[in-house]
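Below are the chains, spelled out letter by letter.
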Amino acid sequence: MYNIFLILMLLFFLKNHAKASEIDNYATVLMYHRFNESKYPSTSISAELFESHLKYLKKENYNVLPMTDLVDFFEKKKTFSEKTVFITIDDGYKSFYKYAFPLLKKYDFPFTVFISSDYVSNSNNSNFMTWEMLKEIKNEGGSVQNHTSNHSNLNEMDVKKIKKIILECQKELENKLGIKSEVFSFPYGMSSIKNENIIKEMGFKLAFGQQSSHIFIGENKFRLPRFSFNEKFGKIERFKMIVESLPLEVFDVTPEDTLAKDFHNRIAFSTNRALHSINCYHSSDIRFELKKSPPSKIEIHFQDELEKGVNRINCTAYDNNKKLYWYGKILIN
């Protein structure tokens, strides 16, 4: 019996050692929306605070890379060092052009803007950029990518309508900027397995959600995570904590989908991190029981109904050297 136990433990170690090697090669993607628009606190960050992020990345010699490098990473044409970061901006607000774009040029950092083509406007009353602004961004080395034509929640649409609004944006990007977008961002981060498969079938190479995690080669590349920042959750101390953290390696995640309809009030995953070091948090005050089953399984049993819309669950762990590891999952109710 003792020998059987040793064999099982060895198999567990070998399985997780193989997975850990994937985590050595990872990246962190940052997400922003508006700048200096304090009346939108959930999506806006001050230019001053944003610059403190860029200044820290420059001072600490982070490798801030263009989106093409992330495509190459998943095609196994490129590997990453420990300090690899990508900068993304959703929606294409004028405040990005006015405040953040000059700072990104100042620090010589590449970036990607995801735009919804119906909102691009020449009106002085519009909060969104013009095609001329987007053309300047493209000419200055910025990447402009697809965020649908009208920023609708794809989970509320049929396949025909989904393809229509994605193709409408694709055609506008080609006609106005000469761009064939290969990277997609789900509006509101609302992905699902069904919609991820549509994005894949349409020829996109990557797609982003809005859950908080680092990216490694084992990720679902059509549901890539990003860390979101605004004025409240963008203080430099939190920013440093995030970019200095590492991926919390997980596997055997259930439910696999983001949609909560069949999740039976629980999510679960396995990890090679010490279970006693792991804590999990819900984005609101939803009560849950955290169950740890050695040697590797974590279960989160929800005691309250999930919030309508997006529920974010973050799990973190510290190792003996006080290094932080981070995993995030999104559930859509």
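Going by the structure above, here's the rest.
Worth saying up front: this structure is predicted, and the values here are computed from it rather than measured. (Residues numbered from 1 in each chain as written. Predicted model: local features only at pLDDT ≥ 70, side-chain atom pairs only at ≥ 80, totals over all residues. Heavy atoms only, no water.)

Lay out the sheet that holds strand 13 (residues 250–254) in plain terms, naming residues and giving numbers.
If you trace the four strands from one edge of the open sheet to the other, you get 13-14-17-16, paired in antiparallel fashion. Each of the sheet's edge strands pairs with one partner strand only, and the pair in question is strand 13 and strand 16 (288–293). Averaged over neighbouring strand pairs, the angle between their axes works out to 15 degrees when direction is ignored. Relative to strand 14 (residues 266–271), strand 13 runs antiparallel, the two sharing three bridges. Residue pairing across strands places Val250 opposite Thr271, the latter belonging to strand 14. (Pairing = 2+ DSSP bridges. Helix = DSSP H or I, 4+ residues; strand = E, 2+ residues; numbered from the N terminus. Axes fitted to C-alpha atoms, helices over the stretch in contact; angles between N-to-C directions.)

Could you give an account of helix 7 (residues 193–201), with specific residues and numbers?
For helix 7, the complete set of buried residues consists of Asn195, Glu196, Ile198 and Ile199. Viewed end-on, helix 7 has its buried residues packed into an arc of 155 degrees, placing them on one side of the element. Residues Lys200 and Glu201 are exposed on helix 7 and point more than 90 degrees away from its buried face. In the core, the buried residues of helix 7 are packed alongside helix 6 (159–177), strand 8 (183–185) and strand 9 (206–208). (Buried < 20%, exposed > 50% of the residue type's maximum accessible area, 1.4 Å probe, protein only. Arc of directions from axis to C-beta. Contact = heavy atoms within 4.5 Å.)

Nothing here speaks to function; it is geometry throughout.
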